[in-house]
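Architecture and fold: a report
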Amino acid sequence: QKEVEQNSGPLSVPEGAIASLNCTYSDRGSQSFFWYRQYSGKSPELIMSIYSNGDKEDGRFTAQLNKASQYVSLLIRDSQPSDSATYLCAVKILTGNQFYFGTGTSLTVIP
Amino acid sequence: DAGITQSPRHKVTETGTPVTLRCHQTENHRYMYWYRQDPGHGLRLIHYSYGVKDTDKGEVSDGYSVSRSKTEDFLLTLESATSSQTSVYFCAIRDSGLAYEQYFGPGTRLTVT
């Protein structure tokens, strides 16, 4: 059973639109949630972290967490072609020091 | 870039040879991780360290060993490389604080022929 599930996509949105990326996780003991952006051939780059239910906004990015539904999402407003990348969802459970990653969602922003 | 370097950045080796990958950090972080990334599998944890000489296994540790003799260096060794270990290897660090945020190094692309 996979710990973290993401729709692999590809997801295509027009420039200026809102991109919505979703992630579900299986362990109810999960405490910390992260979104990474990974450009092709590059390493993952942390863009958002969220720890409590609700929304967290940082510039054009909003992370949303719903622990009851075991669901975390990332919204990208005013999408730009430079946002075209693979987005990885990651989860840390309460016990231990391990992190679990989804396989990523590929996003393409069309100019 | 959180002061993380990996070496080598690219390596081609033959089946059965030993390989050591190095992760070096400059900011005295307590935790260091080794992941591999393969298409369809995402990032999977190989081993991690929570201090000098303190390490633990991840979900795909078979065929790999690690060592951490000083805070700044975390070594990943493939004792006898196999073609299934062809992958991109990423090192990551995180602080001891409550943020739990991980930051990744640039990666090493390893090909085992």
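This section reports on the structure supplied with the text. (Residues numbered from 1 in each chain as written. Chains lettered and ligands numbered in written order. Predicted model: local features only at pLDDT ≥ 70, side-chain atom pairs only at ≥ 80, totals over all residues. Heavy atoms only, no water.)

**Notes on the overall build of chain B**
Looking only at helices and strands, one finds 0 helices and 11 strands in chain B. Reading chain B from its N end, one meets helices and strands in the order β-β-β-β-β-β-β-β-β-β-β. Rg of the C-alpha trace for chain B: 13 Å, near the compact-globule value of 13 Å for 113 residues, within the 12% margin. The C-alpha extent of chain B, read off along each of the three principal axes, is 40 × 30 × 25 Å. Put simply, 54% of the contacts in chain B that link residues at least 6 apart link residues at least 24 apart. Just so you have it, chain B exposes about 5200 Å², and 48% of that area is on carbon and sulfur atoms. Considering chain B, the positive charge centre built from 12 side chains and the negative charge centre built from 13 side chains are found 3 Å apart. (Helix = DSSP H or I, 4+ residues; strand = E, 2+ residues; numbered from the N terminus. Rg over C-alpha atoms; globule rule 2.2 N^0.38 Å. Contact = heavy atoms within 4.5 Å. Areas by Shrake-Rupley, 256 points an atom, 1.4 Å probe, with all protein chains shown as cover. Lys, Arg positive; Asp, Glu negative; His and termini not counted. Charge placed at Lys NZ, Arg CZ, Asp CG, Glu CD.)

**So, the nonpolar core**
Ranked by size, the top nonpolar core spans 25 residues in total, and within it Phe-33, Trp-35, Val-72, Leu-74, Ile-76, Tyr-87 and Leu-107 of chain A carry the most contacts. When residues in this core are grouped by element, the largest group, 5 residues, is from strand 9 (residues 85-93) of chain A. With sequence-adjacent residues up to four places away left out, Leu-107 of chain A is seen in contact with Leu-11, Val-13, Ala-19, Ile-76, Asp-83, Ser-84, Ala-85 and Tyr-87 of chain A. Core analysis: the next-biggest nonpolar cluster, separate from the first, contains 19 residues, Ile-4, Met-32, Trp-34 and Ala-81 of chain B among them. (Core = buried A, V, L, I, M, F, W, Y, C linked by side-chain atoms within 4.5 Å. Buried < 20%, exposed > 50% of the residue type's maximum accessible area, 1.4 Å probe, protein only.)

**Focus: the side chain of Gln-38 of chain A**
In this fold, Gln-38 of chain A is placed in strand 4 (residues 30-38). A polar side-chain atom of Gln-38 of chain A sits 2.9 Å from a polar atom in the side chain of Gln-37 of chain B. Not counting chain neighbours up to four residues away, the residues in contact with Gln-38 of chain A comprise Ser-43, Pro-44, Ala-85, Thr-86 and Leu-88 of chain A together with Gln-37 and Phe-90 of chain B. (Polar contact = N/O pair within 3.5 Å; in protein donor to acceptor, adjacent residues only side chain to side chain.)

**Structural notes on the interface of chain B and chain A**
Accessible area lost on assembly of the parts is the figure often given for the size of an interface. With 24 residues of chain B in contact, the opposing surface of chain A contributes 21 residues. Interface area, chain B with chain A, both sides summed: about 1700 Å², of which 55% is carbon and sulfur. Interface area lost by chain B to chain A is led by Leu-43, Tyr-100 and Phe-104 of chain B, which between them contribute 29%. Counting every contact that joins chain B to chain A gives 0 salt bridges. (Buried area = accessible area lost by both parts, 1.4 Å probe. Salt bridge = Lys/Arg side-chain N within 4 Å of Asp/Glu carboxyl O.)

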